[in-house]
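Close look at the chain arrangement
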Amino acid sequence: MGQKKDLTGSEKSKIVRSLAEGCSSLKIAKLLKRDHRTIKRFIQNSQQGRKKRVEKLRRKITAHELRKVKRAAAKMPLATSLAIFQSCNITGVPKSTRCAILRDMAKARKAERRPPLNKTHKLKRQDWAKKYLKTDFSKVLWTDEMRVSLDGPDGWARGWIGKGQRAPVRLRRQQGGGGVLVWAGIIKDELVGPFRVEDGVKLNSQSYCQFLEDTFFKQWYRKKSASFKKNMIFMQDNAPSHASKYSTAWLARKLIKEEKLMTWPPCSPDLNPIENLWSIIKCEIYKEGKQYTSLNSVWEAVVAAARNVDGEQIKTLTESMDGRLLSVLAKKGGYIGC
């Protein structure tokens, strides 16, 4: 809600005259059609006005550094403020100051998308959090698929464009030029995969189970010890190919059933730590608005980015689950910040 205007000089004069005539503050507020609290505050201190917002002094950078930032922003129009300042060897500048400086010469926008949550979804999220509150999440394998396109997310093709500078030209292709479907998992501090779904294959229940057999089970799971398999909990979301009776029965034949197969609440990508891994990988492969010319090249970029994710980063994600569950309960099933 926007700030209301201060009392004008004529309104203040009317208040003084009305008070001299014995009018109450409530009556004066009705006459002037102003909020009663505003009138009362003026009466208590006739000199009081609405406090103006005072902008905090930002850290100053030299004219030479400012020119370097402007040139870097022109050369790296889709880079982050941190990347721009680091390329100029300017350190120790907080994000708020960097953005305030860049805002004087450019503009950046980013949209946020989330599936809607209704009352039933929130209740199921709370029940899920209560059920797994005492779970040892180091034994949970978090899995999911990600589609990567040649062009990358449309919303990421934005950056700091200097005043007087033209935005760089990007290829425009239908459906982002096509893409690759990638499956991966994380458990404790280990990355499983990534594995590429064969081009042109639509994942239904049968193809999903066959894909798991050819990749996850043959290339990773079969190498694990019996004690590991006994304690591991398999997590997957509620995609139709995952939650179907066929897939559930197929996993049960692999002894992944009951307590070894985690139930999953609806509309809950924020609770799956592997979503944060996808963000890390996408930030790397699409940095500075990079585009690709073939499906093999974008797949190679995914593999390279995944190799650069170290065990400590993965461990940080898997160890965040206790905090996520507590946040879900604190927000009564609402979305959490992750």
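Residues numbered from 1 in each chain as written. Predicted model: local features only at pLDDT ≥ 70, side-chain atom pairs only at ≥ 80, totals over all residues. Heavy atoms only, no water.

1. A look at the packing of helix α7 (residues 119-131) against helix α15 (residues 321-330)
Filter applied, for reference: As a rule, the C-alpha atoms of each element are fitted with a line to give its axis, helices using only the stretch in contact, and angles between N-to-C directions run from 0 to 180 degrees. Each helix is a run of H or I in the DSSP string that is no shorter than four residues. Each strand is a run of E no shorter than two, and both are numbered from the N terminus. Just so you know how the angles are binned, under 35 degrees is roughly parallel, over 145 roughly antiparallel, 65 to 115 roughly perpendicular, and the rest oblique. Handedness of a crossing follows from how the near helix is turned relative to the far one, being left-handed for an anticlockwise turn of less than a right angle and right-handed for a clockwise one. In what follows, residue pairs with any heavy atoms lying within 4.5 Å of each other are defined as contacts. Lys, Arg, Asp and Glu make up the charged group, whereas Ala, Val, Leu, Ile, Met, Phe, Trp, Tyr, Cys and Pro make up the nonpolar group; the residues left over, Gly among them, are polar.
For the pair α7 and α15, interaxial distance at closest approach is 9 Å and the crossing angle is 135 degrees. One way to sum up the angle between α7 and α15 is to call them oblique. Classified by chirality, the crossing of α15 by α7 is left-handed. Along the contact surface, α7 presents Arg125, Gln126, Trp128, Ala129 and Lys130, while α15 presents Met321, Leu325, Val328 and Leu329. Grouping the amino acids of the contact of α7 with α15 by side-chain chemistry returns 6 nonpolar, 1 polar and 2 charged.

2. Considering helix α4 (residues 63-75)
Inclusion rule: Helix span is expected to be 1.5 Å times the residue number reduced by one. Each residue is placed in one exposure class: buried if its accessible area under a 1.4 Å probe, protein chains only, is under 20% of its type's maximum, exposed if it is over 50%, and partly exposed if it falls in between. Directions are taken from the helix axis to each C-beta atom, and the arc is the one they span.
Between its first and last C-alpha, α4 extends 19 Å over 13 residues, near the 18 Å set by a 1.5 Å rise per residue. When α4 is considered as a whole, its buried residues turn out to be Val69, Ala72 and Ala73. Taken around the axis of α4, the buried residues stretch over an arc of 100 degrees, which confines them to a single face. Among the exposed residues of α4, those oriented more than 90 degrees off its buried face are Ala63 and Lys75. Its buried side turned inward, α4 meets α5 (81-87) and α6 (95-103).

3. A few points about the domain arrangement of the chain
The following threshold applies: Segment limits for the domains were obtained from an automatic or database-derived domain assignment.
What the domain assignment reports for the chain is domain 1 (9-43), domain 2 (63-105) and domain 3 (119-156 + 177-331). Taken over C-alpha atoms, the centre of domain 1 sits 51 Å from the centre of domain 2.

4. What about unusual backbone geometry?
In this model, glycine 193 is joined to proline 194 through a cis peptide bond whose omega is 5 degrees. Within the element layout of this structure, proline 194 appears in strand β3 (residues 190-196). Here lysine 33, not a glycine, exhibits a phi torsion of approximately 55 degrees, which is positive. Its location among the elements puts lysine 33 in the loop between α2 (25-32) and α3 (36-44). If you check the backbone angles, lysine 332 has positive phi at about 55 degrees while not being a glycine. The residue lysine 332 is located in the segment after α15 in this model. Here lysine 332 falls in the exposed class, since its relative accessible area comes to 61%.

5. A word on the pairing of strand β2 (residues 179-187)
Rules: Think of it this way: DSSP has to see at least two bridges between two strands before they count as a pair.
With 8 of its 9 residues buried, β2 lies for the most part within the structure. Direction of pairing for strand β1 (residues 140-149) relative to β2: antiparallel, over a ladder of 8 bridges. Bridging across to β2, methionine 146 finds its partner in valine 182. Note: β2 against β3, 5 bridges, orientation antiparallel. Paired with isoleucine 186 across the bridge in β3 is leucine 191. Where β2 folds back on β3, the antiparallel hairpin that results is connected by 2 residues, among which lysine 188 adopts a positive phi of roughly 55 degrees.

6. Things to note about the sheet that holds strand β4 (residues 233-235)
The strand order across the open sheet formed by 4 strands is β3-β2-β1-β4, and the pairing between neighbours is mixed. Both edges of this open sheet fall to β3 and β4, since each of them pairs with a single strand only. With direction set aside, neighbouring strand axes in the sheet form an average angle of 20 degrees. Here β1 runs beside β4; their pairing, made up of 3 bridges, is parallel. Within the sheet, the bridge partner assigned to valine 140 lies in β4 and is isoleucine 233. Docked against the sheet, helix α8 (residues 205-219) engages β1, β2, β3 and β4, running at close to 135 degrees with respect to β3. The strands that helix α12 (residues 274-285) touches are β1, β2 and β3; relative to β1, the one it contacts most, it runs at about 35 degrees.

7. Overview of the confidence of the model for the chain
So the rule is basically this: Per-residue confidence from the predictor is reported as pLDDT, a score between 0 and 100.
Residues at a pLDDT of 70 or more form 90% of the chain, whose mean pLDDT is 87. At the low end of the mean pLDDT range in the chain sits helix α1 (residues 9-20), at 82; at the high end sits β4, at 97.

8. Here we look at the pattern of salt bridges
Quick note on the threshold: The term salt bridge refers to a side-chain nitrogen of Lys or Arg lying within 4 Å of a carboxyl oxygen of Asp or Glu.
Summed over all chains, the structure comprises 8 salt bridges. For the salt bridge of glutamate 11 with arginine 34, the shortest nitrogen-to-oxygen distance reads 2.9 Å. Highlighted residues: glutamate 11 in helix α1 and arginine 34 in the loop between α2 and α3, separated in sequence by 23 residues. Assigned by exposure class, glutamate 11 and arginine 34 land together as buried. In this structure, glutamate 284 engages lysine 287 in a salt bridge whose closest nitrogen and oxygen atoms are separated by 3.4 Å. Assessed through its relative accessible area of 36%, glutamate 284 is described here as partly exposed. Residue classification places lysine 287 among the partly exposed positions, given a relative accessible area of 48%.

9. Thoughts on the packing of aromatic side chains
Rule in force here: In summary, the pairing rule links any two rings of Phe, Tyr or Trp, Trp by its six-membered ring, whose centres are within 6.5 Å, and it sorts them by plane angle into stacked for under 30 degrees, edge-to-face for over 60 and tilted for everything else.
Taken as a whole, this structure holds 15 aromatic pairs when the rule is applied. Centroid distance tryptophan 183 to phenylalanine 195: 6.1 Å. Interplanar angle 20 degrees. Geometry classified as stacked. Of this pair, tryptophan 183 sits in strand β2 while phenylalanine 195 sits in strand β3, and the two are 12 residues apart along the sequence. Judged by relative accessible area, phenylalanine 195 falls into the buried class, the value being 12%. Among the aromatic residues, those joined into a cluster by ring pairs are Trp183, Phe195, Phe211, Phe216, Phe217, Trp220, Tyr221, Phe228, Phe234 and Trp250.

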